[in-house]
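Observations on the three-dimensional arrangement
The chain contents come next:
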Amino acid sequence: MSYDLIIIGSGPAGYPAAVRAGQYGLKTAIIEKRPKLGGTCLHVGCVPTKALLHSAEVWNHFRHAADLGVIVENPKLNYSKMVDIKNDVVDKNAKGVDYLMKKNKAEVIKGYGRLLGKGKVEVTADDGGKKTLEAKAIIVATGSEARMLPGLEPDSEKILTNIEILNLREVPKSLAVVGAGAVGMEFASMFNRFGTEVAVFEMLPAVVAKEDEEVSKEMLRVFKKQGIRVEVGCKLSGIARTKKGVKFEAEHANGKKETLEYDKLLVAVGRKPNTENIGFENTRVELDRGFVKVNGYMETAEPGLYAVGDIIAGYPQLAHAGTMEAVVAVGRIAGKAVTPIRADRIPNATYTEPGIGSVGLTEAEARSKGYSVKVGKFPFMANSKAKIMGQSDGFVKVVSDAKYGEILGVHIIGPLAYELIAEAVTAMEAEATVDTMMSVIHAHPTLYEAVGEAFHAVHGMPINA
């Protein structure tokens, strides 16, 4: 059977490609090996995690309601109900993806897709049956999976990845998290609010190490203030299951060692691209440590073959990045004018408490590239809305070029930081300068006033600090 476009994978990079292809009138097929469409993000990643994080936020409000003059006696946590709600959110969104495929006339083909080269894809069904499809263009959007520590395998009880931990029906009494990236820190923040004794262990010298150094330091400070144990520059060894849970030895940066035991161990040490057994050997595709090399239009070295999402080299493994990569790829396939994606315009979002939102260069990166850097910083402690909310930890930091006022990066840690970063992303995409943003009027009292104040702070002229 012949198509204009075949898409392998239906996650946040795959299904938007099918939607945009339908909008352009392309005859499209989308291949998915799992029972439901939506990929990791929808079923065991972004959506269910944020659903539970929202429940954690609501629970935290009830626990501290008296601080706002609201008396709530003996609030009770029904975690199993929260999991049911999470599952319901996932199911509804999955049905939404099904609807989008029908609306945009994308043919859904269940099975495992493998490239044969020269525009052909072999699909193997669950019953072993095979069929060959061909298309003028192919997009590979096969996503990623959790990396595991050498010698470890996850289970449903003690050693967990993002998949298993989302299926727990009870809040663990204690939880060790290996890895202080976005995934590890979000689960640490969540379960700490649910009352779990949480400890985070990171081999690197900083938490959320991809963020600006000041953001990393602030996150470490706040997590410790919240009662979460955080150990950086720490290596774990001898990880073993016990009757109670999981035991291991932690070696700290100063050489000190200690033996620890927790009920559960979450492994959150990154994700590896699903590029094995896809058939890339039948094409001219170039790989870099398993990641697919593409240009700004998501084109591989194989004519007519595109790659998007977590499998591509040089771009962050983020759902929203994958969605825009899909939009660009399909636009290119359809012969439309599209703008190549710049990795430094892709926002990062971490849904901890406080949250993190960032875009562009960190201060250290900007200096290493030779910019004459000028920084503006504004604390949420000086923001009226943050005080009203009782969430005044953190700050907004603007990194700019002193000569031209170009906005090089914006880094936020604080309440709803992952929402506030939108203004900075828009400003950078529109090539606004610091002076332009200083003329933008921000409503009062709002959290996003802090973003405006940070731009004023670049010239040392914030109003409220």
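Residues numbered from 1 in each chain as written. Predicted model: local features only at pLDDT ≥ 70, side-chain atom pairs only at ≥ 80, totals over all residues. Heavy atoms only, no water.

1. Considerations on the side chain of glutamate 202
Its location among the elements puts glutamate 202 in strand S10 (residues 197–202). We note that glutamate 202 is buried and unpaired, the nearest opposite charge coming from lysine 210 at a distance of 11 Å. Those residues in contact with glutamate 202, other than ones at most four positions away along the chain, are Gly179, Ala180, Gly181, Glu231, Val232, Gly233 and Cys234. (Helix = DSSP H or I, 4+ residues; strand = E, 2+ residues; numbered from the N terminus. Buried < 20%, exposed > 50% of the residue type's maximum accessible area, 1.4 Å probe, protein only. Lys, Arg positive; Asp, Glu negative; His and termini not counted. Salt bridge = Lys/Arg side-chain N within 4 Å of Asp/Glu carboxyl O. Contact = heavy atoms within 4.5 Å.)

2. Topic: the sheet that holds strand S21 (residues 355–360)
Spatially, the five strands line up as an open sheet ordered S20-S21-S24-S23-S22, and their pairing is antiparallel. Across the chains shown, the open sheet's two edge strands, defined by having one partner strand only, are strand S20 (348–350) and strand S22 (373–379). Neighbour-to-neighbour, the strand axes of this sheet turn through a mean angle of 10°, independent of strand direction. Sheet analysis places strand S23 (residues 395–401) next to strand S24 (residues 407–414), joined by six bridges and oriented antiparallel. Across the sheet, the residue bridging to valine 396 is isoleucine 412, located in S24. (Pairing = 2+ DSSP bridges. Axes fitted to C-alpha atoms, helices over the stretch in contact; angles between N-to-C directions.)

3. Some points on the side chain of asparagine 383
Along the chain, the position of asparagine 383 falls in the loop between S22 and helix H10 (384–389). Overall, asparagine 383 belongs to the buried group, its relative accessible area being 3%. In this structure the side chain of asparagine 383 is engaged in a polar contact, spanning 3.2 Å, whose partner is the backbone nitrogen of lysine 385. (Polar contact = N/O pair within 3.5 Å; in protein donor to acceptor, adjacent residues only side chain to side chain.)

4. Focus: the state of the cysteines
Using the criterion set out here, one finds one disulfide in the structure. Across the disulfide, cysteine 41 is cross-linked to cysteine 46 (sulfur-sulfur distance 2.4 Å). Across the S-S bond linking cysteine 41 and cysteine 46, the dihedral sits near -135°, which makes this disulfide left-handed. The class for cysteine 41 is buried, based on a relative accessible area of 15%. (Disulfide = S-S within 2.5 Å.)

5. Remarks on the pairing of strand S1 (residues 2–8)
Burial analysis of S1 places six of its seven residues in the buried class, the great majority of the element. Taken together, the six bridges between S1 and strand S6 (residues 130–140) define a ladder with parallel strand orientation. For isoleucine 8, the partnering residue across the bridge sits in S6 and is valine 140. For S1 and strand S2 (residues 28–32), the ladder comprises four bridges, and the chain directions are parallel. By the bridge assignment, isoleucine 7 is partnered in S2 with isoleucine 30. For the crossover from S1 across helix H1 (residues 14–23) to S2, the handedness is right-handed. (Right-handed = clockwise from strand over helix to strand, strands pointing away.)

6. Quick notes on the environment of lysine 130
As for its placement among the helices and strands, lysine 130 is situated in strand S6. Accessibility expressed as a relative area gives 54% for lysine 130, which makes it exposed. Sequence-wise, lysine 130 and glycine 113 are 17 residues apart; in three dimensions their C-alpha atoms are separated by 9.8 Å. Leave out the neighbours within four places in its chain, and lysine 130 touches Glu122, Val123 and Thr124. A polar contact of 3.1 Å, which involves the side chain of lysine 130, links it to the side chain of threonine 124.

7. Notes on the nonpolar core
Formed by 54 residues in total, the largest nonpolar core has its most connected members in Ile6, Ile31, Leu115, Val121, Ile139, Val140 and Met298. Ranked by the residues each element gives to this core, the list is headed by S6, at six residues. In this structure, isoleucine 6 is in contact with Ala29, Ile31, Val121, Leu133, Glu134, Ala135, Ala137, Ile138 and Ile139, ignoring residues within four places of it in sequence. In this structure, Trp59, Leu175, Met185 and Ala188 belong to the second largest nonpolar core, which totals 34 residues. (Core = buried A, V, L, I, M, F, W, Y, C linked by side-chain atoms within 4.5 Å.)

8. A closer look at the sheet that holds strand S9 (residues 174–178)
Taken in spatial order, the five strands make up an open sheet running S8-S15-S9-S10-S11, and their pairing is parallel. Among the strands making up the open sheet, the edge pair consists of strand S8 (159–160) and strand S11 (229–232). Note: S9 against strand S15 (residues 264–267), four bridges, orientation parallel. For valine 177, the partnering residue across the bridge sits in S15 and is leucine 266. Those strands touched by helix H6 (residues 182–193) are S9, S10 and S15, and its axis lies near 165° from that of S10.

9. Regarding the environment of glycine 195
For glycine 195, the location among the structural elements is in the loop between H6 and S10. In sequence terms glycine 195 and alanine 56 are 139 residues apart; their C-alpha atoms lie 10.0 Å from each other.

10. Quick word on the pattern of salt bridges
Applying the stated criterion across every chain yields a total of 25 salt bridges. Measuring nitrogen to oxygen at the nearest pair gives 3.9 Å for the salt bridge that ties glutamate 122 to lysine 130. Residue glutamate 145 pairs with lysine 272 through a salt bridge whose shortest N-O separation is 3.7 Å. With glutamate 145 in strand S7 (residues 144–146) and lysine 272 in strand S16 (residues 271–273), this residue pair connects regions lying 127 residues apart in the sequence. What makes glutamate 145 partly exposed here is its relative accessible area of 39%. For lysine 272, a relative accessible area of 35% corresponds to the partly exposed category. Residues joined by salt bridges that share partners form a network here, namely Asp212, Glu214, Glu363, Arg367, Lys377 and Lys397.

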